[in-house]
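Here is how the chains run, residue by residue.
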Amino acid sequence: MCRRLRPLLPRLHLLPPLNEQLDQWAEWLVRTRFAGWPDEEVAAALEQLAQKRDGVLDAAGLEPGAAVADVGAGTGLLTLGAVERVGPDGDVIALDVSVDALDELRANTAAPNISYLVGQADVLPLRDDSVDAVVTRSVLIYVDDKAEAAREFSRVLRSGGRVSLFEPINRRNLLLTRSVDFSPLGDLGDRLRTWNEAFYEHTNDPMLNFDESDLERFFTDAGLADVHVELGADEHQIPGERYLNQVGAPGRPTLLERWRDEFAADDVERLAAFVTERMIPARFPYAFLAARKP
């Protein structure tokens, strides 16, 4: 079977059957994360994922024959791209805490040089100096001890090996109460603003308790060299109903679910009606980080 990873294309039904494993992966993504989205928005989202995949893999400097660990592989965005780059003589280790995710990945690829391991970023089940690159995307946001994860990445790298990762910087997200004027709701709007600002101050939430400076420090302190951070942001206009009900990350509640836990039912109904009739400006900052083991 051809293992060449094509760019993700806008409409899945137009994809020629040249790479069945990528078709299956992309179709799964559309059935789950992008269910119900208009075709043009699916196309834009897939293109953004492709750009982030390529940004991580480009900075990893993967060469044919290299050994790569994809930490938090999920269903395989980076793994499938790395397989193409290292070629048949290379090895890709797909590592994730979720057996189900690894099973999904295994079902969508026939590549013989992928190994599947259950494990987590801060306790890697790999030997010292065993891989040429560690890549990851949106994984450290789930890790409480990010500094330990950085040390683990350094430990398993061979001399000259590279870390390359992408992480959302959720602390810098555009807050809903700053993108939408809730003053027509009076006291309820004031209470929502107080709650929204307090939510982003949660220092015990691994998705919110770091920024790009922290990332740089974690990997510098882990003994890596040439640590480079590049910042960017995704900006969208999101329909209000989707904004309320979208799942930002697996296992996390929707905004509407959070409101139901924090506000009275009548207040939730008023807030939801107010948001649903609007397009919501959203800005989600992120960071690419790359570093080298001396």
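Please read all numbers here as calculations on a predicted model, not as lab measurements. (Residues numbered from 1 in each chain as written. Predicted model: local features only at pLDDT ≥ 70, side-chain atom pairs only at ≥ 80, totals over all residues. Heavy atoms only, no water.)

Enquirer: Where do I start with the nonpolar core in this structure?
Expert: One broad trend across soluble globular proteins is that nonpolar side chains are buried collectively. By size, the foremost hydrophobic cluster in this structure holds 33 residues, and its most contacted members are Val-134, Phe-153, Val-163 and Phe-219. Elements represented by at least two residues in this core include exactly strand E1 (67-71), strand E2 (91-96), strand E4 (131-137), helix H5 (146-156), strand E5 (157-168), helix H8 (212-221) and strand E7 (279-292). Ranked by the residues each element gives to this core, the list is headed by H5, at 4 residues. In this view, Val-134 contacts Ala-69, Val-71, Phe-153, Val-156, Leu-157, Arg-162, Val-163 and Ser-164; residues no more than four positions away in its chain are not counted. Counting residues in each nonpolar core, the second largest holds 25 residues, with Leu-188, Phe-263, Val-275 and Ile-280 among its members. (Core = buried A, V, L, I, M, F, W, Y, C linked by side-chain atoms within 4.5 Å. Buried < 20%, exposed > 50% of the residue type's maximum accessible area, 1.4 Å probe, protein only. Helix = DSSP H or I, 4+ residues; strand = E, 2+ residues; numbered from the N terminus. Contact = heavy atoms within 4.5 Å.)

Enquirer: Help me out: how do you make sense of H8 in this one?
Expert: Since the α-helix packs 3.6 residues into each turn, any two residues three or four apart lie on the same face. Taken together, the buried positions of H8 are occupied by Glu-212, Asp-214, Leu-215, Phe-218 and Phe-219. Buried residues along H8 cover an arc of 160 degrees about the axis, so they all sit on one side. Residues of H8 that are buried in the fold lie against H5, E5, strand E6 (225-239) and E7. Looking at where H8 begins, the residue whose side-chain oxygen comes 3.0 Å from the main-chain nitrogen of Ser-213 is Asp-211. Phi for Gly-223, located one or two positions after H8, is positive at around 95 degrees. (Arc of directions from axis to C-beta. Polar contact = N/O pair within 3.5 Å; in protein donor to acceptor, adjacent residues only side chain to side chain.)

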